[in-house]
Amino acid sequence: MSAPAPPGPAVVDLLGLVALGELLAFERMAADARLAPDLRRRAALGEMAAAEIGNYRRLADRLTALGVLPDDAMAPYVAPLQAYHDSTEPRDWAEAVTKAYVGDAITDDFLREIAGALAEPDRQLVLDVLHESRYAEFAAAEIRAAIEIDPRVAGRLSMWARRLVGEALSQAGRVAAADRGALTALIAQGDQVDVQALFRRLTAAHTERMAAAGLNN
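Residues numbered from 1 in each chain as written. Predicted model: local features only at pLDDT ≥ 70, side-chain atom pairs only at ≥ 80, totals over all residues. Heavy atoms only, no water.

Some words on the overall build of the chain
Looking only at helices and strands, the chain features ten helices and zero strands. Across the chain, helices and strands are ordered from the amino to the carboxyl terminus as α-α-α-α-α-α-α-α-α-α. Per-residue burial over the chain gives 44% buried out of 217 residues. Contacts spanning at least 24 positions in sequence make up 79% of the contacts within the chain whose residues lie at least 6 apart. About 11,100 Å² of surface is accessible on the chain, with carbon and sulfur atoms providing 58% of the total. (Helix = DSSP H or I, 4+ residues; strand = E, 2+ residues; numbered from the N terminus. Buried < 20%, exposed > 50% of the residue type's maximum accessible area, 1.4 Å probe, protein only. Contact = heavy atoms within 4.5 Å. Areas by Shrake-Rupley, 256 points an atom, 1.4 Å probe, with all protein chains shown as cover.)

Observations concerning the nonpolar core
Counting residues in hydrophobic clusters, the biggest one holds 31 residues, and the most contacted among them are Met 48, Tyr 101, Val 102, Ile 143 and Leu 215. Listed by contribution, the elements that provide at least two residues to this core are helix 2 (39-65), helix 5 (93-114), helix 7 (133-149) and helix 8 (153-178). With residues up to four places along the chain from it excluded, the contact list for Tyr 101 reads Ala 136, Ala 139, Ala 140, Ile 143, Arg 209, Ala 212 and Ala 213. By size, the runner-up hydrophobic cluster in this structure holds 26 residues, among which are Ala 60, Ile 114, Ala 115 and Leu 125. (Core = buried A, V, L, I, M, F, W, Y, C linked by side-chain atoms within 4.5 Å.)

Points about helix 4 (residues 78-87)
Helical geometry note: an α-helix holds 3.6 residues per turn, so side chains three or four residues apart project in the same direction. Restricting attention to buried positions, one finds in helix 4 the residues Pro 80, Leu 81, Tyr 84 and His 85. The buried residues of helix 4 occupy one face: seen down the axis, they fall within an arc of 130°. (Arc of directions from axis to C-beta.)

Concerning the packing of helix 1 (residues 9-32) against helix 5
Across the interface, helix 1 lies against helix 5 with an axial gap of 12 Å and an inter-helix angle of 165°. Our classification of the angle between helix 1 and helix 5 gives roughly antiparallel. Judged by the sense of rotation from one axis to the other, the crossing of helix 1 with helix 5 is left-handed. Residues Leu 14, Val 18, Arg 28, Met 29 and Asp 32 of helix 1 touch helix 5, and the partners they reach there are Trp 93, Ala 96, Lys 99, Ala 100, Asp 104, Leu 111 and Ile 114. (Axes fitted to C-alpha atoms, helices over the stretch in contact; angles between N-to-C directions. Parallel < 35°, antiparallel > 145°, perpendicular 65-115°, else oblique. Left-handed = near helix turned anticlockwise from the far one by under 90°.)

Let's talk about the side chain of Arg 41
Relative to the helices and strands, Arg 41 is located in helix 2. For Arg 41, a relative accessible area of 18% puts it in the buried group. Beyond its immediate stretch of four places on either side in the chain, Arg 41 contacts Ala 36, Trp 93, Phe 138 and Glu 142.

What to know about helix 5
With 22 residues, helix 5 should reach 32 Å at 1.5 Å per residue; the first-to-last C-alpha distance of 32 Å fits that figure. The buried fraction of helix 5 is high, at 17 of 22 residues. You can read the cap of helix 5 off the contacts: a side-chain oxygen lies 3.3 Å from the backbone nitrogen of Ala 94, and it is on Asp 92. (Expected span 1.5 Å × (residues − 1). Polar contact = N/O pair within 3.5 Å; in protein donor to acceptor, adjacent residues only side chain to side chain.)

Notes on the side chain of Asp 104
Here Asp 104 is to be found in helix 5. Looking at Asp 104, the relative accessible area reads 10%, which means it is buried. Reaching out from Asp 104, the side chain makes a polar contact with the side chain of Arg 28 at a distance of 3.2 Å. Here Asp 104 is in contact with Arg 28, Met 29, Glu 52, Lys 99 and His 131, once residues within four sequence places are set aside.

In structure tokens form, the structure reads like this:
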């Protein structure tokens, strides 16, 4: 029996993109933990950061096993992902947890959708690095608590969430250009994938998530 074919360039590009996302998320959460109003919340965000760097290590190890330097796989995406984080620096704790809640969840939804196009073991690896639900629940609870203390916060955080989504979308084109369309090809491979339907599902999930945290889409 012949050995399975190695993953193609699109899969390597995807793993590089996800790895960089995990690395930058670790840096962001570790920094944002300093905005926490108490040690319990600081520790919670610190635990989230630790999970991110653990996920990065798994992805980097997989890329290395494929004969690809993680730095090389991540390099094309540094500019757009760093630009997103630089333009969405939270000013306080409420904005920090909203960024974690909104930005990470949209990314997870996207990865969950395209994981089906991957062969094993990369399919399971991508699914494994999705954020645990308890982190989303923690962030949503923090947002609701802030709104309960001051209902006016809902408007500010809703605007902040819309800005996060807008900034993410503005960088998406640069990500697609950086991988020379490889991710687009991966998403669209096979007749079963409807890209427009994919984005409708992502939008619907985002709208539901916003409402669950007491925010307006």
